[in-house]
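# Fold and geometry: a report
Here is what each chain is made of, one letter per residue.
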Amino acid sequence: MKVSYNWLKDYLDIDLPWQEVSRILTDIGLEVEGEDETESIQGGLRGFVVGEVTYRAQHPNADRLSVTRVNIGDGDDLSIVCGAPNVAQGQKVVVATVGTMIYPKEGDPFKIKKGKLRGEVSEGMICAEDELGLGDDHDGIMVLPETVAVGTLASDYFKVEKDVVFEIGLTPNRSDATCHIGVAKDLAAYLKVNGDGQGVKMPDVSGFKVHNHDLPIEVVVENTKACPRYAGVSIKGVKVGESPDWLKRHLSSIGVAVKNNIVDITNFILHELGQPLHAFDADEIAGNKVIVKNLAQGAKFTTLDEVERELSSEDLMICDGDSKGMCIAGVFGGIKSGVKESTTNIFLESAHFNAVSIRRSAVRHNLRTDASKCFEKGSDPNISLYALKRAALLIQELAGGEIASDIVDIYPEEVQKAEVDVKFSHVNRLIGDELTKEQVREILGAMEIDILSEDGDDFRVAIPTNKVDVTREADVIEEVLRIYGLNRVAVPSRVKSALVYGQHPDSFKVQNVIADTLAANGFNEIMGVSITESRFFKEIYPVDEAELIYINNTSNKHLDVMRPTMLFSGLKAIAHNKNRQNNDLKFFEFGRSYRKKDDKYVEREHLSILLSGRRHPEGWLANDSEEVTFYNLKAFVEKVMARLGLEGYQESDAENGMLAFGAKFHRGPQTLVEFGKVSSKIAKGMDIKGSVFYAEFAWDTILKALRKHKIEFSELNKFPTMRRDLALVVDKGVKFGDVKGIAFKNAKKLIRSVNLFDVFEDESKLGEGKKSYAVSFVFEDNTKVLKGKEVDKVMSKMIASYEKNLSAEIRK
């Protein structure tokens, strides 16, 4: 939010350096994120000076140029070539000296340089109105009154105003500080408590009066929940035109576009009082009646930006007597009912709308206007009439006209000040400093928070209705602390700490360990959006409609469902990269999936891994044509499991319909990870060419498994190991995991590792449907040197088990 220091001075008797004001604002919770020194005329007219034309003659080499000499009061006259037709000897003019920057109304800024024009020396420029930034006239140079002294700085003559605009990072809860007077009140409270500051000078509206009843407008509010208060008044005989300089200067300083006097006044009141107003062309209000209501779902309405919008039945609308929309309440006006150059009669609206209703409409239509932002934070319902009178008086002053109706004020349930009970002792305990009761009373009084009653340590306060966020004792104490000053609270000399036992395992640390492991193996982390397109789960990979969680996303309507799986956000990243010739990809992502089951929302954590493209990057050393395979993915999955220290899991076929084939690691019914090749139908549906391999870890299940995981120290074995190799002829359906499982089952005390080092397939030598596994077994005993007979005995037992359970044949 932008706040002008000069504008603040309209309400405060203050002459502090702007740097000090910036510090105070930050101290009281209105954090200044930036300051911008501005001037009422761009460039501040630096380098411009008043001069007198002492000589003028026709340029010898150009019919449309004049050669002049100009006295600017600092010695020798300047030679200046001028192209204006009205330049003459004896005139007082504004001269841009050499080095001066010119900021024209149109075109880029440029610097005045000494040079020659058609052979004649020119040491400056005699300026027209538009070259000074004072208007649009370029027909000739600007001629000043004869009484102006030569050498007068143009910035002094034209009274260039300097200002500082504060960029305040306004938090959503500060509904009371959405305007200049709101900021001024906070600033005044601080200065009153910490210095000798006075209160805020509120604009006088006592001059408001009704002139006649020639333009009565009936108002009906059908939805009083969305519109708790609606006030309005008619003004006839206005003249729409240009705003005065002071109004344009105020609005321009904070970046508000200047339009015309009526619209500018409504914008001025918004930024002065925090009360959005809307001016309707009264002659466009059918039946002289305003109806505040909701229109039917799908109704069409064209807004000021000439966009036809489809309304929701939840959008509150300001309608005319024919129930035709004139304005999306509190958000944006309509194209027909707004103020135009031809407007002579207006109906001025000052209302209080429900914050939730306004926010939903603003987001739904992607219209985040200054008015909607103000209503979203919670406007003050009890300032509506004051703001209406203030605006009406300004309109009479700047646009003429007469008040042509009584004020209509529909306010069925008046919003009362909230009452909060507070203890003085709690004030000191939460602030961490000793404030006297008198100090607390002074601060509350400066903030217009009335003390209703006081009994010893207890007191009750009434909260102004513009402070919608102050509802609890802690909120009141926070208000006291803001004005007392955070920097006044002494830093304690002792540090108090408590032992805190965190949850085991620390999910954040575990996630970082695995992220580091994957990154070290060439993976890049991606962060997919948790909302995705429902069409993926209708057209590409059907998911039961009852399990999908739909959302109302008005900004991106195609992103309409929470992702039920991590796969598609990863595939979108794969497709995005492949479409940009980045084909060799290793991605991982930590995230969540969302489904609805048995009328309950199920949210699960996952780690996903995706591989696609070549196994190795292009290079002379490696075989860069080899594509990644299922086994490359499996190796990374096993590496993650090993890094987590998880052992004792079983391997079986994957059951995930997204995979063409794959495997899963599990402990009984609990799946730890499922991985394999993504179905070609899904890959094609996502416009991906080539194979994609995908692993999805059930991260929440893994974290639960790690709770029971213990890290134990074991001494390095000082006894040698012994190796045996076997060649097993088995059916093609037999997996190495089955071979490995039988080995550990039969020799779990002695066996250290089982490794598959070759797979051979040849039906002419092995028979139909057969393959040969070459497997190595490493044995060790931590207590003694193993003997060959012991290992042979174990091997015999394993061979018998292979022959019985796998119908294996031992190749010799």
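Everything quoted here is computed from the prediction, not taken from an experiment. (Residues numbered from 1 in each chain as written. Predicted model: local features only at pLDDT ≥ 70, side-chain atom pairs only at ≥ 80, totals over all residues. Heavy atoms only, no water.)

Looking only at helix 11 (residues 424-431), the buried set comprises Phe424, Val427, Asn428 and Ile431. Looking straight down helix 11, one finds its buried side chains confined to an arc of 90°; they lie on one side. Along its buried surface, helix 11 packs onto strand 26 (418-423), helix 12 (437-446), strand 27 (450-455), strand 28 (458-463) and helix 13 (473-484). Count one or two residues on from helix 11 and you reach Gly432, which has phi positive near 85°. (Buried < 20%, exposed > 50% of the residue type's maximum accessible area, 1.4 Å probe, protein only. Helix = DSSP H or I, 4+ residues; strand = E, 2+ residues; numbered from the N terminus. Arc of directions from axis to C-beta. Contact = heavy atoms within 4.5 Å.)

Attention now moves to the sheet that holds strand 34 (residues 650-653). Here seven strands make up an open sheet; going across it, the order is 29-32-33-37-36-35-34 and the pairing mixed. In this open sheet, the two strands that pair with only one neighbour each are strand 29 (524-525) and strand 34. Bridge analysis of strand 33 (residues 600-612) against strand 37 (residues 692-698) gives seven bridges, and the strand direction is antiparallel. By the bridge assignment, Leu611 is partnered in strand 37 with Phe693. With respect to the sheet, helix 14 (residues 507-520) is in contact with strand 32 (585-597) and strand 33, its orientation differing from that of strand 32 by roughly 140°. (Pairing = 2+ DSSP bridges. Axes fitted to C-alpha atoms, helices over the stretch in contact; angles between N-to-C directions.)

Moving on: the pairing of strand 6 (residues 92-97). The buried count for strand 6 comes to five of six residues, which makes it a mostly enclosed element. Both strand 3 (residues 48-58) and strand 6 contribute to a ladder of five bridges, which runs antiparallel. Looking across to strand 6, one finds that Val50 is bridged to Val94. In this sheet, strand 12 (residues 143-144) lies alongside strand 6 in antiparallel orientation, the contact comprising two bridges. What sits directly across from Val93, in strand 12, is Val143. Where strand 6 and strand 11 (residues 124-126) come together, three bridges link them in antiparallel fashion. Paired with Ala96 across the bridge in strand 11 is Met125.

In this structure, Val210 sits in the loop between helix 5 (180-194) and strand 14 (218-221). Separated by 196 residues in sequence, Val210 and Asp406 have C-alpha atoms that sit 6.4 Å apart. Setting aside residues up to four positions removed in sequence, Val210 forms contacts with Ile403, Ser405 and Asp406.

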